[in-house]
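Descriptive structure summary
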2 protein chains.
Amino acid sequence: MNYSEKSSNLLDNAISQFASLPGIGKKTATRFALHLLKKSEPDVENFVNAIKKMKQETKFCKICNNISDHDICTICTNNSRDKSLICVVEGIHDVMAIESTSQYNGLYHVLGGVISPMDGIGPGELSIAPLIHRINIENIKEIILALPATMEGDTTNFYINRKIANVNINVTLLARGVAIGDELQFTDEITLGQSILNRKPFNT
Amino acid sequence: MNYSEKSSNLLDNAISQFASLPGIGKKTATRFALHLLKKSEPDVENFVNAIKKMKQETKFCKICNNISDHDICTICTNNSRDKSLICVVEGIHDVMAIESTSQYNGLYHVLGGVISPMDGIGPGELSIAPLIHRINIENIKEIILALPATMEGDTTNFYINRKIANVNINVTLLARGVAIGDELQFTDEITLGQSILNRKPFNT
């Protein structure tokens, strides 16, 4: 005989919702739900409203497709940034990652994915046409292809490169090599091979 | 010069809220926020409403202090359960843990904490008086003290035991011993010592 009883369906629903988040199992989801249950009502209200507003009120920048609170994002409207440089990325998480390095002062273009025939994602599903349009009408000197180092990323790189073959523009790729902190013995052979081919003079 | 720019305050707020959950850092919080951003509006609505309703509409059972969708919880109202048995626990997570074993068919009493002078929690802050009241007016044969195996848990056990010294009732404690799957060498000496003292005949 199974005695197991659910005390509260409302609690259970909240746990199920938390368990739908990536990497979260039922135990952690329960911990989250009980944590919020202990919080004050205004605290939970703030939690819930922050998520709701994020979903309902954020927009995608009409120029670069990055997430934004306005029609045009703060990066595109910032006049101190170099507007002749576009970094092409897969998603907004890549914009956040590159911004957090504080090493890049140009603009972005968020494709919203990479070409992946297996997943039914062709160039038409991505923001590639708007990118070509920007390159054609704006005074762009260089585009940096900062897509994932996967087959899909490489395919997308090739596709974009072919589309702008007739435009006089520098096309660059992110440097690939041994990551800081990595042991050589655990670096894959292709990365290690490329890092030997692309070696740099010491102390520059 | 620092180029780092935030694209969306709304996204940032949602990330901060997720990062306030126990054990969640900024990277995981970002992953949660971007995950929900990709979901449909009704999906996010369901997520948010489940949390809101849990906070606003759950109650605490007027008998046992367990979480409930009604004034009296489903465990207290279930007539197939043994009403002469009360298992005393610290919190509702303990009720969920014991229910998930399907080994217990009695009632519960949720104290809402354990006595901890260091944290300013005395017997008055806990649901101990209602427990004593239940024991005095209901026909209870046994209470199982299932509090954490800590100093605070032990203190609370002693306090409750003293309070009901004049009542004719069995008071039991959860068995302590080597956990299933544990290696003896990694079991602490007090647990191991108790498991030798409380050894059981083989095959019973």
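Scroll up a little and you will see the structure.
The present account deals with the structure reproduced in this document. All residue numbers here refer to positions counted from 1 along the written sequence of the relevant chain. The order in which chains are written sets their letters, starting at A; the order in which ligands are written sets their numbers, starting at 1. For this predicted model, a pLDDT threshold of at least 70 governs which residues receive local features, and a threshold of 80 or more governs which side-chain atom pairs are given and counted, while totals over whole chains, interfaces and linings are taken from all residues.

**As for the packing of helix α2 (residues 26-38) of chain A against helix α3 (residues 41-57) of chain B**
Between α2(A) and α3(B), the shortest axis-to-axis distance is 9 Å and the interhelical angle comes to 50°. Taken together, the axes of α2(A) and α3(B) are oblique relative to one another. Handedness of the crossing formed by α2(A) with α3(B): right-handed. Residues A:A33, A:L36 and A:L37 of α2(A) lie in contact with α3(B), whose contacting residues are B:I51, B:M54 and B:K55. The convention used is that axes are lines fitted to C-alpha atoms, helices contributing only their stretch in contact, and that angles between N-to-C directions extend from 0 to 180 degrees. By definition, any uninterrupted DSSP run of H or I lasting at least four residues is a helix, any uninterrupted run of E lasting at least two residues is a strand, and each is numbered from the N terminus. If an angle is under 35 degrees, it is roughly parallel; if it is over 145, roughly antiparallel; if it lies from 65 to 115, roughly perpendicular; otherwise it is oblique. Two helices cross in a left-handed way if the nearer one is turned anticlockwise from the farther one by less than a right angle. They cross in a right-handed way if the turn is clockwise. Contact criterion: two residues are in contact if their C-beta atoms, reconstructed from the backbone, are within 7 Å.

**Topic: the relation of the copies chain A and chain B**
Each of the two chain copies goes to the other by way of a rotation about an axis and a shift along it. Take chain A, turn it by 180°, move it 0.0 Å along the axis, and it overlays chain B with an RMSD of 0.0 Å. The operation mapping one copy onto its partner corresponds to a two-fold rotation axis. Considering only C-alpha atoms, the residue of chain A closest to the rotation axis is A:V48, which sits at 2.8 Å. Interface residue correspondence from chain A to chain B reaches 100%, placing this contact among same-surface, isologous pairings. Our superposition of the copies is a least-squares fit, built on the C-alpha atoms of residues whose pLDDT is at least 70 in both.

**Digging into the nonpolar core**
Defined on buried residues, the nonpolar core groups Ala, Val, Leu, Ile, Met, Phe, Trp, Tyr and Cys residues joined through C-beta atoms within 7 Å. Every C-beta atom is placed from the backbone, and the number of other C-beta atoms within 10 Å of a residue's own sets its class: buried at 20 or more, exposed at 12 or fewer, partly exposed in between. In this structure, A:V88 and B:V88 are the most contacted members of the largest nonpolar core, which totals 86 residues. Setting aside its immediate chain neighbours within four residues, B:V88 contacts B:H109, B:L111, B:L131, B:I143, B:I144, B:L145, B:A146, B:L147 and B:I160.

**Quick look at the sheet that holds strand β4 (residues 107-110) of chain B**
Residues and elements named next belong to chain B. Pairing is parallel across the open sheet formed by four strands, whose spatial order is β4-β3-β5-β6. At either end of the open sheet lies a strand with only one pairing partner, and these are β4 and β6 (170-173). Within this sheet the neighbouring strands show an average axis-to-axis angle of 25°, counted without direction. If DSSP finds at least two bridges between two strands, the strands pair. Across four bridges, strand β3 (residues 85-89) lies against β4 in parallel orientation. Paired with C87 across the bridge in β4 is Y108.

What is shown is where atoms sit, not what they do.
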